[in-house]
Amino acid sequence: MKLAIAQLDPTVGDLAGNAQQILSAAQDSVAQGTRLLLTPELSLCGYPPRDLLLRPGFIQQMATVAEQLAKDLPHGLAALVGLASPNPNASSKGQKPLYNSMALLENGVIKAVFHKRLLPTYDVFEEDRYFESGSEPNHFHLEDFETADNSLHIGVTICEDLWNENDFWGQRTYEANPTAEVVAAGVDVVVNLSASPFTVGKQILREQMITHAAQRHNCPIVYVNQVGSNDDLIFDGCSVAMDRQGGLISRSPGFTPAIQLVEYSLEHQNLLPGKIVPLLDTPEAEMWHALVLGVKDYSHKCGFSKAVVGLSGGIDSALVVAIATAALGPDNVLGVLMPSPYSSDHSISDAEKLAHNLGITTQTLAIGELMAGFDHTLLDLFSGTEPGVTEENLQSRIRGNLLMAIANKFGHLLLSTGNKSEMAVGYCTLYGDMNGGLAVIADVPKTKVYSLCDWLNSSLKTVSILGFIETAGKTEIIPTNILTKPPSAELRPDQVDQDSLPPYDILDDILERLIQYHQSAADIVTAGHDPNVVQRVIHLLTRAEFKRRQAPPVLKVTDRAFGMGWRMPIASRWPLAQ
């Protein structure tokens, strides 16, 4: 019996469009003899729908669309489709009003509805805000039309339901183990329908966990994951299937929609070997694909076809504009140079060379006269004070205003260029370089920005990675001088970042220990860092919280991003050093 893994890219709230994606996948699959179509978690409404789930009309229309989809599906094909379904016991039992469900659609009707058992509330997840937990193991029998006296017994789990194997994690996070329960019910195969967000290296962990579960329960597992980007979350797909021995028998491609078939042999009581797409070979390749997909989907799903980026001649804006070009094409990206009296000649020439390498259009808007105008207007008020950070920030805010004007005038998406290191310690200007509709690399530490640019230059011949970027005859995308010169905001003469910050390799290690691993100051000092530097970084991290709260959405690529999973108070007197 053939099962189709439909690795789809839904848009949140586009019920009709998402239903059409599912229907198209069904039509393609049934032509290949498929009996069951598997779609990701909440595939009908897109994940995560967030507070759309509070709208009664949204839930009602979802049910209507699901009923119509059941009627439209090809004869002979069953489909598991993700949706939010009402909880009839909500009022009488004081429960949440909805379930996170998978509906079994077949022969024109919704035959069954299965509810997610385990509801995550950590990091970016807030499912307990909306959903009630399912209470029963989910499984059903699927008749084999070719051999009428046989059927396939299928266990249904939804995303987190698979992530509670205490033997694998060394602990038990939830009381129930839905996988163990459906296996105890005698199923032939477990399917897991997921919307599991991407972080670098996560796919290896997923596959190790699924292998462990298949081996422990002596049961094949088919894992289906959403692909695409919705707001700050990126979904990498990489759907897989393991046989009952835990062997990998199928893997779908990463970062692109796909339909892949797996076959269950009733004779051998196991999944048969299928197509295995290789994983990307480096963290940089993973991150590049994720960020390109993030920009592409965010732009298109929000109605933008073109982007504008401020080009400083520095490495951060170079990486952002390269990502934008790969995502949208060179004809759809505008680079804006805004030199001040403090801008070096090489910053201008480096930015121009970068734009030439990418094939994008540029516009130069000098800001010297605007700076003089601000100085004149503020002259009396600032009389008797020394010029300093305030005047430096005015340059950034002038640039931010110009970029926003271009974005407003022409309907472009403004992409901000700050990295995670800067966002962490507040080395960024509110209403200046933080302006934008999307913070592309604000979850990429500065040291990783360099390694990504090095990787990009080394990957010139890999057209599939670089997308729209024309590489013929080029020896580099990011000009060498951008990679080798000391990073600088160029807001005053001879300024470099290390005037204000520790070296980035030191800063990034301290920040990773603080942000991702929650280490204390004492732990970080024990790891070899200067106590004074550690305390200074902690002070900067805490002080910059109000800036981060006002930043554009941040594409998440690490385990701990400055987005919906980062919920630190602004007004707080708890020292992060403890």
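Parameters and conventions
Residues numbered from 1 in each chain as written. Predicted model: local features only at pLDDT ≥ 70, side-chain atom pairs only at ≥ 80, totals over all residues. Heavy atoms only, no water. Helix = DSSP H or I, 4+ residues; strand = E, 2+ residues; numbered from the N terminus. Buried < 20%, exposed > 50% of the residue type's maximum accessible area, 1.4 Å probe, protein only. Pairing = 2+ DSSP bridges. Right-handed = clockwise from strand over helix to strand, strands pointing away. Core = buried A, V, L, I, M, F, W, Y, C linked by side-chain atoms within 4.5 Å. Expected span 1.5 Å × (residues − 1). Arc of directions from axis to C-beta. Contact = heavy atoms within 4.5 Å. Axes fitted to C-alpha atoms, helices over the stretch in contact; angles between N-to-C directions. Left-handed = near helix turned anticlockwise from the far one by under 90°. Phe/Tyr/Trp six-rings, centres within 6.5 Å; stacked < 30°, edge-to-face > 60°. Salt bridge = Lys/Arg side-chain N within 4 Å of Asp/Glu carboxyl O.

## Concerning the environment of Thr462
- Along the chain, the position of Thr462 falls in the loop between helix H13 (446-458) and helix H14 (463-466).
- A relative accessible area of 30% places Thr462 in the partly exposed class.

## Brief notes about the sheet that holds strand S17 (residues 333-337)
- Spatially, the five strands line up as an open sheet ordered S18-S17-S16-S19-S20, and their pairing is parallel. In this open sheet, the two strands that pair with only one neighbour each are strand S18 (361-364) and strand S20 (438-439).
- Sheet topology note: the strand S16 (residues 307-311)/S17 ladder contains five bridges and is parallel. Note on S17: the bridge partner recorded for Val308 is Leu334.

## A few points about the pairing of S16
- Within S16, five of the five residues are buried, which leaves it mostly tucked inside the rest of the structure.
- Of the two faces of S16, the one holding Ala307, Val309 and Leu311 and the one holding Val308 and Gly310 are both buried throughout.
- Tracing the backbone out of S16, into helix H8 (residues 315-328) and back to the parallel element S17 gives a crossover that is right-handed.
- As paired strands, S16 and strand S19 (residues 413-416) are joined by two bridges and run parallel to one another. Opposite Val308, over in S19, you have Leu414 as the bridge partner.

## Topic: the nonpolar core
- Counting residues in each nonpolar core, the largest one holds 56 residues, and the members touching the most others are Trp288, Leu291, Ile323, Leu415, Val440, Ile441 and Ile478.
- A total of 11 residues in this core trace back to one element, the largest contributor, which is H8.
- Residues Ala19, Leu44, Leu69 and Val81 belong to the second largest nonpolar core, which totals 40 residues.

## Notes on helix H1 (residues 15-30)
- Helix length check: H1 (16 residues) gives 22 Å between terminal C-alpha atoms against 22 Å at 1.5 Å per residue, within 8%.
- Along H1, the positions that sit buried rather than exposed are Leu15, Asn18, Ala19, Ile22, Leu23, Ala25, Ala26 and Ser29. Around the axis of H1, the buried residues are gathered within 160° of arc, so they sit on the same side.
- In this structure, the buried side of H1 is in contact with strand S1 (2-7), strand S2 (34-38), helix H2 (56-72), strand S3 (78-86) and strand S14 (258-265).

## Topic: the packing of helix H7 (residues 283-301) against H8
- The N-to-C vectors of H7 and H8 enclose an angle of 65°; their axes lie 8 Å apart at closest approach. In this structure, H7 meets H8 at a crossing whose hand is right-handed. In this structure, H7 contributes Trp288, Leu291, Val292, Val295, Lys296, Ser299 and His300 to the contact, and H8 contributes Leu319, Ala322, Ile323, Ala324, Ala326, Ala327 and Leu328.

## Some thoughts on the packing of aromatic side chains
- Summed over all chains, the structure comprises nine aromatic pairs.
- The interplanar angle of 70° and the centroid separation of 5.4 Å between the aromatic rings of Phe198 and Phe255 together place this pair among those described as edge-to-face. Separated by 57 residues along the polypeptide, Phe198 in the loop between strand S8 (189-194) and helix H6 (202-217) and Phe255 in the loop between strand S13 (248-251) and S14 bring together distant segments of the chain. By the burial criterion, Phe198 is buried, and Phe255 matches it.
- A network of ring pairs unites the aromatic residues Trp163, Phe168 and Trp169 as a single cluster.

## Some points on the pairing of strand S11 (residues 233-236)
- Residues of S11 alternate between two faces, with Leu233 and Phe235 on one and Ile234 and Asp236 on the opposite face, all of them buried.
- The pairing of strand S10 (residues 227-230) with S11 spans four bridges and is classified as antiparallel. Its bridge partner lying in S11, Gly228 is registered against Phe235.
- From the end of S10 to the start of S11, which pair antiparallel, there are two residues, and Asp231 there has a positive phi angle of about 60°.

## Looking at the environment of Gly246
- One can find Gly246 in the loop between strand S12 (240-242) and S13.
- Put simply, Gly246 and Lys296 are 50 residues apart on the chain and 35 Å apart in space, counted from C-alpha to C-alpha.
- The contact partners of Gly246, leaving out residues within four places of it in the chain, are Thr211, Ala214 and Gln215.

## Side note on the pattern of salt bridges
- Per the stated rule, a full pass over the model turns up 24 salt bridges.
- Note that Arg50 is salt-bridged to Asp232, the shortest N-O span being 3.2 Å. Highlighted residues: Arg50 in the loop between S2 and H2 and Asp232 in the loop between S10 and S11, separated in sequence by 182 residues.
- With a shortest N-O distance of 2.9 Å, Asp316 and Lys446 are connected by a salt bridge. One end of the pair, Asp316, is in helix H8; the other, Lys446, is in helix H13, with 130 residues separating them in the sequence.
- Assessed through its relative accessible area of 3%, Lys446 is described here as buried.
- It is possible to trace a salt-bridge network through shared partners that takes in Asp9, Asp297 and Lys301.

## Brief notes about the sheet that holds strand S7 (residues 151-158)
- What the six strands build is an open sheet, ordered S6-S7-S8-S9-S12-S13; its pairing is mixed. Since the sheet does not close on itself, it has two edges, and those belong to strand S6 (139-143) and S13, each with one partner. Ignoring strand direction, the axes of neighbouring strands in this sheet form an average angle of 20°.
- Direction of pairing for S6 relative to S7: antiparallel, over a ladder of five bridges. Bridging from a neighbouring strand, Leu142 pairs with Leu152 of S7.
- Seen against the sheet, H6 touches strand S9 (221-225), S12 and S13 and runs at an angle of roughly 30° to S12.

## A closer look at helix H18 (residues 531-543)
- Helix length check: H18 (13 residues) gives 18 Å between terminal C-alpha atoms against 18 Å at 1.5 Å per residue, within 8%.
- For H18, the full list of buried residues reads Val534, Val537, Ile538, Leu540 and Leu541. Each buried residue of H18 sits inside an arc of 165° when the element is viewed along its axis, so together they form one side. Exposed positions of H18 whose direction lies more than 90 degrees from the buried face are Asn532 and Arg543.
- In this structure, the buried side of H18 is in contact with helix H12 (420-425), helix H16 (504-515), helix H17 (521-526) and helix H19 (545-548).

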